[in-house]
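# Architecture at a glance
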Amino acid sequence: MGIWQAFRMAVKSIFSNKVRSFLTMLGVIIGVAAVITAVAFAQGSTKQITDRISQLGTELIQVNIFGRNTNRDLTWETLSEFASDNADVIAAVAPQVTGNMTVKAGRNSLSTTIRGTTYDYSVINSQGVSEGRYILDIDSDLRQKVAVIGSRIKDKLFENENPIGKTIKVGEQIFTVVGILEELEDGAENTKDDQIIIPVSTAQRITRNSAIRNYSFLATSPENVKEAMERISEFLTDVYGNENMFRVTNSAQMLDTLNSVTETMMTVLGGIAAISLLVGGIGIMNIMLVSVTERTREIGIRKAVGAKRRNILTQFLIEALLITGLGGAFGLIIGCTAIWGIGKAGLVPAVYSPLWMALSFGISLLVGVIFGMFPANKASKLDPIMALRHE
Amino acid sequence: MIKTEALSKHYHIGDTIVKALDNVTLHIPAHSFVSIVGPSGSGKSTLMNLLGCLDTPTSGRYLLDGMEVSNMSDNQLAEIRNRKIGFVFQGFNLVPKLTALENVELPLIYSGVSKKERRSLAAEALEKVGLTDRSSHLPSELSGGQQQRVAIARALVTRPPIILADEPTGNLDSHSGRDILKLFQKLHEMGNTIVLITHDEYIAGQAQRIIRILDGQIVDDVEVG
Ligand SMILES: Nc1ncnc2c1ncn2[C@@H]1O[C@H](COP(=O)(O)OP(=O)(O)O)[C@@H](O)[C@H]1O
Ligand SMILES: [Mg+2]
């Protein structure tokens, strides 16, 4: 008897008892569907965050200062000096003072991000101007009320007019528009296109924020990021006397953390998957044992007409494999549909992982072999006379 | 050709030994039609199971076509059952989920015959028992007599030299019983060796030879005129 024949018999047996076969598969179906959906969810949200972080640039180092009166100890001048002393690893540094304010021009108004910084911010962030000029260090020194506006601001406040040379009202202050930022994100809300850049000294005054709490550093190369971060930390520890007053972060480092979180999440998912498939496997073994008992007489008949042990073994094993294989396939279909649905609903991007699909399908087949073995072996060892006498 | 020498089958139940078959020495030449009669529990089925290689003896020898069978492996016994022996049971023993034709095909699956050839051989066997028009029926859709005819078709589909029947008419009314008996006579005429177990004296009388068995021992062995 060939494998193909055993396969045909298994198909027949499974289809002659559809409801039971389906219920037997259910454990595997749910297991596989749950695993691949959960993995896709994890990978999708990781991808979403990763994409955002890598947009920030891997050479970018962010420094946040905590506590009050921070600028009593650290002035912009000392920090610039530190940066130029370490020009081998630090390419640029820019302070940032940000706030949300209402901006008006004529009858139009909108609320946007006001960012006080210096010229180097355009280098660090790779966003220059498409028209006019960027703010210059001299603007900051002289506390000039000049502004560089994002493309969204231009569209909302000035429509088709050329805004350069025109004035806008930020809070209660009048600013002159000197430039328009390069459009990077289609002029969408809450993006780099939805902000106004002004000199840092001016921003400190109008946001009533005397302290500068955020600095962006640009490392000279990705390889120098680590060294730059170490030197910055050392410098700030010297300034503040302890390490709890500031935080130095980098997007690559954040990615590392994120990846390790994802890895942990995957391990947990893998564990849950293993348990659910184990439960599914026990269910299959249980039903197969019932089936062997029910079909004892059939086994006896088959043996009487010449079936060998291995024929019976193959028959039941293939049946178990087919049940878990079909269950796995249904699970994949349901899982992929769920992933597609999640992607469509815009929760997280749909990520189909062939590796995890193959893995969960393979494990379900393995479960079939392992948990089908015991009942199949039991069936193959039945004494034909006893089996034929079975009621 | 069947030959046994002091064939015994003993069962140990607690402290007692049940001698289901005790020192049976028997010779059944090829092409003969033998009936074995005896009361219930006398050891008829035990003897048939041994002759049919479904069971192994406690002691003694069994030679089938000159081959020593008593100490063969499970696999070898399965092969002999497949090639040399056709069984017919009192309870028909058809697989309920398979059609008449598929039931008849069953032994051929295990002798590695191709699907196409299986179909035609099974159809041929069903024709011999007069059930061509019932090929696609399930056992539950057939009468007792028809089911037993399907079982006979299954027994003869591999063209085994020996057909063993254990009370094949036991579950049938006398009319169907007679039909089955006629089939066995026909098979005998075609050259098969038939061993028919029964406790019906009339049916036993239709064989060439009657062996009487009691408490696991042969008590009488006569040729019928
Ligand atoms: N598996 C077994 N275990 C114990 N005793 C058995 C077994 N099979 C048969 N016997 C005993 O052997 C004797 C012969 O049984 P059997 O061959 O079935 O008789 P018959 O077919 O003539 O009615 C009986 O007494 C029966 O109880
Ligand atoms: Mg009996």
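### Side note on the overall build of chain A
What chain A contains, in helices and strands, is 14 helices and ten strands. A compact globule built from 391 residues would reach a C-alpha radius of gyration of about 21 Å, whereas chain A, at 34 Å, exceeds it by more than 25%. If one aligns the C-alpha atoms of chain A with their principal axes, the spans along those axes are about 105 × 50 × 30 Å. Looking at chain A alone, contacts between residues at least 24 apart form 77% of all its contacts between residues at least 6 apart. Counting every atom, chain A has about 19200 Å² of accessible surface; 57% of that belongs to carbon and sulfur.

### Structural notes on the pattern of salt bridges
Tallied over the entire structure, the rule returns 25 salt bridges over all chains. Across the pair A:Glu161 and A:Lys166 runs a salt bridge whose closest N-O atoms are separated by 3.7 Å. Of the residues examined, A:Lys166 reaches a relative accessible area of 32% and is grouped as partly exposed. The partner of B:Glu5 in a salt bridge is B:Arg61, with the nearest N and O atoms 3.3 Å apart. With B:Glu5 in strand β1 (residues 2-13) and B:Arg61 in strand β4 (residues 59-64), the pair connects residues that are 56 residues apart, well separated along the chain. One salt-bridge network, held together by shared partners, links A:Arg295, A:Glu298, A:Arg302 and A:Glu319.

### A few points about the site of ligand 1
Lining the immediate surroundings of ligand 1 are A:Arg389, B:Tyr11, B:Ile13, B:Ala20, B:Pro39, B:Ser40, B:Gly41, B:Ser42, B:Gly43, B:Lys44, B:Ser45 and B:Thr46. Chains contributing residues to the immediate surroundings of ligand 1 are chains A and B. One nitrogen or oxygen atom from the main chain of B:Lys44 is found 2.9 Å from an oxygen atom belonging to ligand 1. At a separation of 2.7 Å, an oxygen atom of ligand 1 approaches a polar side-chain atom of B:Ser45. Here ligand 1 has 550 Å² of accessible area as a free molecule, and 71% of this is covered by the chains. One can see that ligand 1 is located within the largest pocket. Of all the elements in the fold, those that place two or more residues in the shell around ligand 1 are β1 and α1 (44-51) of chain B. With three residues, α1(B) is the largest single contributor of residues to the shell around ligand 1. When grouped by side-chain class, the residues that make up the shell around ligand 1 number four nonpolar, six polar and two charged.

### Some thoughts on helix α4 (residues 76-85) of chain A
Residue and element names in this part refer to chain A. Looking only at α4, the buried set comprises Leu 79, Phe 82 and Ala 83. Taken end-on, α4 shows its buried residues confined to a sector of 100°, consistent with a single buried face. Every exposed residue of α4 that faces more than 90 degrees away from the buried side is listed here: Glu 77, Glu 81, Ser 84 and Asp 85.

### Re the interface of chain A and chain B
Where interface size is quoted, it is often the accessible area lost as the parts come together. Between chain A and chain B, the contact holds 22 residues from the first and 25 residues from the second. B:Glu79 is the partner of A:Lys308 in a salt bridge, and the nearest nitrogen-oxygen pair spans 2.8 Å. Applying the counting criterion to the chain A and chain B interface returns eight residue pairs in polar contact (both at pLDDT 80 or more). Per-element accounting of the side of chain A that touches chain B gives the leading share, six residues, to helix α11 (residues 296-304) of chain A. Across the side of chain A that touches chain B, the residue classes break down as nine nonpolar, five polar and eight charged.

What counts, and where the lines are drawn
Residues numbered from 1 in each chain as written. Chains lettered and ligands numbered in written order. Predicted model: local features only at pLDDT ≥ 70, side-chain atom pairs only at ≥ 80, totals over all residues. Heavy atoms only, no water. Helix = DSSP H or I, 4+ residues; strand = E, 2+ residues; numbered from the N terminus. Rg over C-alpha atoms; globule rule 2.2 N^0.38 Å. Contact = heavy atoms within 4.5 Å. Areas by Shrake-Rupley, 256 points an atom, 1.4 Å probe, with all protein chains shown as cover. Salt bridge = Lys/Arg side-chain N within 4 Å of Asp/Glu carboxyl O. Buried < 20%, exposed > 50% of the residue type's maximum accessible area, 1.4 Å probe, protein only. Near = heavy atom within 4 Å. Polar contact = N/O pair within 3.5 Å; in protein donor to acceptor, adjacent residues only side chain to side chain. 1 Å grid on protein atoms, 1.4 Å probe; cavity = no way out; pocket = protein on both sides within 12 Å on 5 of 7 lines; lining within 4 Å. Sits in = over half its atoms within 2 Å of the grid points. Nonpolar A, V, L, I, M, F, W, Y, C, P; charged D, E, K, R; others polar. Arc of directions from axis to C-beta.

Any functional reading would require information that these geometric values do not contain.
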